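# Structural description and commentary
One-letter residues, chain by chain:
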Amino acid sequence: MESNKVIDLIMCEVKTAEEKHPGWPTDRIHAVSIIAEEVGEAMREAIDITYFPQNGSEERLIKELAQTGAMAIRALKSIEL
Ligand SMILES: [Mg+2]
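Cut-offs and rules
- Residues numbered from 1 in each chain as written.
- Predicted model: local features only at pLDDT ≥ 70, side-chain atom pairs only at ≥ 80, totals over all residues.
- Helix = DSSP H or I, 4+ residues; strand = E, 2+ residues; numbered from the N terminus.
- Buried ≥ 20, exposed ≤ 12 C-beta atoms within 10 Å, placed from the backbone.
- Contact = placed C-beta atoms within 7 Å.
- Axes fitted to C-alpha atoms, helices over the stretch in contact; angles between N-to-C directions.
- Parallel < 35°, antiparallel > 145°, perpendicular 65-115°, else oblique.
- Left-handed = near helix turned anticlockwise from the far one by under 90°.
- Nonpolar A, V, L, I, M, F, W, Y, C, P; charged D, E, K, R; others polar.

### Concerning the overall build of the protein
Scanning the protein from N- to C-terminus turns up three helices and zero strands. Scanning the protein from its N terminus toward the C terminus, one meets helices and strands in the order α-α-α. Taken along the three principal axes of its C-alpha coordinates, the protein extends 45 × 30 × 20 Å. In the protein, buried positions account for 12% of the 81 residues. Pairs at least 24 residues apart make up 64% of the contacts formed inside the protein by residues separated by at least 6 positions.

### Things to note about the packing of helix H1 (residues 3-20) against helix H3 (residues 58-77)
Interaxial distance between H1 and H3 falls to 8 Å at its minimum, and their mutual angle equals 65 degrees. Accordingly, the angle class assigned to the pair H1 and H3 is roughly perpendicular. You can see that H1 and H3 cross each other, and the crossing is right-handed. Contact residues: Leu9, Ile10, Glu13, Val14 and Ala17 in H1; Ile62, Ala66, Gln67, Gly69, Ala70, Ile73 and Arg74 in H3. When grouped by side-chain class, the residues that make up the contact of H1 with H3 number eight nonpolar, two polar and two charged.

### Quick word on the packing of helix H2 (residues 28-51) against H3
Pairs of packed helices are described in terms of their axes, by the angle between the two and the distance that separates them. Where H2 contacts H3, the two axes come as close as 9 Å, and the packing angle between them is 165 degrees. Here H3 runs roughly antiparallel to H2, going by the angle between their axes. H3 is crossed by H2, and the crossing has left-handed handedness. Here Ala31, Val32, Ile34, Ile35, Glu38, Val39, Glu41, Ala42, Glu45, Ala46 and Ile49 of H2 come into contact with H3, specifically with Glu58, Arg60, Leu61, Glu64, Leu65, Gln67, Thr68, Met71, Ala72 and Ala75. Residue composition of the contact of H2 with H3, by class: 13 nonpolar, two polar and six charged.

Okay, here's the thing in structure tokens:
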């Protein structure tokens, strides 16, 4: 997948998430745990695709990876420098 497409997918997820959940935790552990949750969902899809292909979906894996990137961006945006 080309970089521009990747960035578009991630920024679309950022927009969706910010509209659905405008607040973002101020404590670092909670913020990073949200990213970890998305990593877990991406891992579940990767496992399904590999070992349970009848349940796996490349489309869902792409979505979860984009959500992981989106949550990392939200965490970075929340840091005041
Ligand atoms: Mg997800």
